[in-house]
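One-letter residues, chain by chain:
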Amino acid sequence: MAIDFKKLTKQMSDPEWIKQQEKKREEERRIFEESEKIRHKTVCFTGHRPQKLGGYDMKNPTMLKLKEKLLEVIEKLIEENECERFITGGALGADTAAFWCVHIMKEKYPHIKNIIAVPFENQDRKWSAEQQAWYRKMLKKADEVIKVDEKENYKDSTVPIGEYSVAKLSRRNEYMVDHSKSIVAIYDGSRSGTSNCLYYAQNRYLGHEIWRLYPQYDFELDVYYTPS
């Protein structure tokens, strides 16, 4: 299709067209600034599954220690960073521990939001009956449930919405990283979905603040920043 440069030049010199473009840019800038304000008050969690956290019993010694440390970290993020929104992925292990710790902190800080970003609906399809019951309870207690595979920029075009795919697990992590300023990572350094999530954050150049808890060192805390 040929471009009519004469018509285009005339349009670009039209005061009304120029005014509309300026208004459009101003609206885009306003939306971006508003989304950044929200992002800077948002925390997401990434971490290992139960196998690396003492097993599936949520009251095992390793998991109890993790919850204790998470409560400390969450309170610091609220008090020192003025964080108000906390996003977990709804998976077994670290995600579940983080969700319930935020839920506990809501008693002291009722203004905070406990959000779950699920990779696809019914991600608990292959879990045990007890695990499914706790998952459904989380969804009911959450202030918001986000189905990431329904979000335009995070869809997996090869698999229908609501169906399982490995790619959707990564997209869920990407969504959480893109919409957060701080990331709490329960990470032992091994190759895993958590390492992929942190690698993605490192390459997004959004200046994330990483609060890393080391499972192998009694959940010792290290805080560092990614490039911006």
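Quick caveat: nothing in here was measured; it's all calculated off a predicted structure.

**Focus: the packing of helix H6 (residues 166-178) against helix H7 (residues 193-202)**
Where H6 meets H7, the closest approach of the two axes is 10 Å, and the angle between their N-to-C directions is 40°. Between H6 and H7, the angle is such that the two are oblique. Note that H6 runs across H7; the crossing there is right-handed. Of the residues in H7, those in contact with Asn173, Glu174, Val177 and Asp178 of H6 are Gly193, Cys197, Tyr200 and Ala201. Looking at the contact of H6 with H7 residue by residue, the classes come out as four nonpolar, two polar and two charged.

**A look at the nonpolar core**
Phe45, Leu66, Leu70, Ile74, Phe86, Val184 and Ile186 are the most contacted members of the largest nonpolar core, which has 25 residues in total. The set of elements that each furnish at least two residues to this core consists of strand E1 (42-47), helix H3 (61-81), helix H4 (94-105), strand E5 (182-186) and strand E6 (209-214). Examining the composition of this core, we find that seven residues originate from one element, H3, more than from any other. With sequence-adjacent residues up to four places away left out, Leu70 is seen in contact with Phe45, Ala97, Ala98, Cys101, Val184, Ile186 and Leu213.

**A short note on the pairing of E5**
Put simply, side chains in a regular strand alternate between the two faces of the sheet. E5 sits mainly inside the fold: five of its five residues count as buried. Residues Ser182, Val184 and Ile186 point to one face of E5 and Ile183 and Ala185 to the other, with burial holding for every one of them. Relative to E5, E1 is paired through five bridges, and the arrangement is parallel. Bridge pairing in E5 places Gly47 opposite Ile186.

**Concerning the pairing of strand E4 (residues 144-147)**
Pairing between strand E3 (residues 113-118) and E4: four bridges, direction parallel. Opposite Ile116, over in E4, you have Val145 as the bridge partner. Tracing the backbone out of E3, into helix H5 (residues 129-141) and back to the parallel element E4 gives a crossover that is right-handed.

**Concerning the packing of aromatic side chains**
Per the stated rule, a full pass over the model turns up seven aromatic pairs. A centroid spacing of 5.6 Å and a plane angle of 90° characterise the contact between Phe120 and Tyr164, whose relative ring orientation is edge-to-face. Residue Phe120 is located in the loop between E3 and H5, and its partner Tyr164 is located in the loop between E4 and H6; the two are separated by 44 residues in the primary sequence. Ring geometry for Tyr214 and Tyr217: centres 6.2 Å apart, planes at 50°, overall tilted. Overall, the relative accessible area of 18% leaves Tyr214 in the buried class. Pairwise contacts between aromatic rings join Phe99, Trp100 and Trp134 into one cluster.

**As for H7**
Of all the positions in H7, only Thr194, Ser195, Cys197, Leu198 and Ala201 are classed as buried. Relative to the axis of H7, the buried residues are bounded by an arc of 160° and lie together on one face. Looking at the buried side of H7, the elements it contacts are E1, H6, E5, E6 and strand E7 (220-225).

**Topic: H5**
For H5, with 13 residues, the first-to-last C-alpha span of 18 Å sits near the 18 Å given by 1.5 Å per residue. Considered for burial, the residues of H5 that qualify are Tyr135, Met138 and Leu139. Projected down its long axis, H5 shows its buried positions confined to an angular sector of 100°, all on one face. Those residues of H5 that are exposed and angled more than 90 degrees off the buried face are Ala129, Glu130 and Lys140. Elements that come into contact with the buried residues of H5 comprise H4, E3 and E4.

How each quantity is defined
- Residues numbered from 1 in each chain as written.
- Predicted model: local features only at pLDDT ≥ 70, side-chain atom pairs only at ≥ 80, totals over all residues.
- Heavy atoms only, no water.
- Axes fitted to C-alpha atoms, helices over the stretch in contact; angles between N-to-C directions.
- Helix = DSSP H or I, 4+ residues; strand = E, 2+ residues; numbered from the N terminus.
- Parallel < 35°, antiparallel > 145°, perpendicular 65-115°, else oblique.
- Left-handed = near helix turned anticlockwise from the far one by under 90°.
- Contact = heavy atoms within 4.5 Å.
- Nonpolar A, V, L, I, M, F, W, Y, C, P; charged D, E, K, R; others polar.
- Core = buried A, V, L, I, M, F, W, Y, C linked by side-chain atoms within 4.5 Å.
- Buried < 20%, exposed > 50% of the residue type's maximum accessible area, 1.4 Å probe, protein only.
- Pairing = 2+ DSSP bridges.
- Right-handed = clockwise from strand over helix to strand, strands pointing away.
- Phe/Tyr/Trp six-rings, centres within 6.5 Å; stacked < 30°, edge-to-face > 60°.
- Arc of directions from axis to C-beta.
- Expected span 1.5 Å × (residues − 1).

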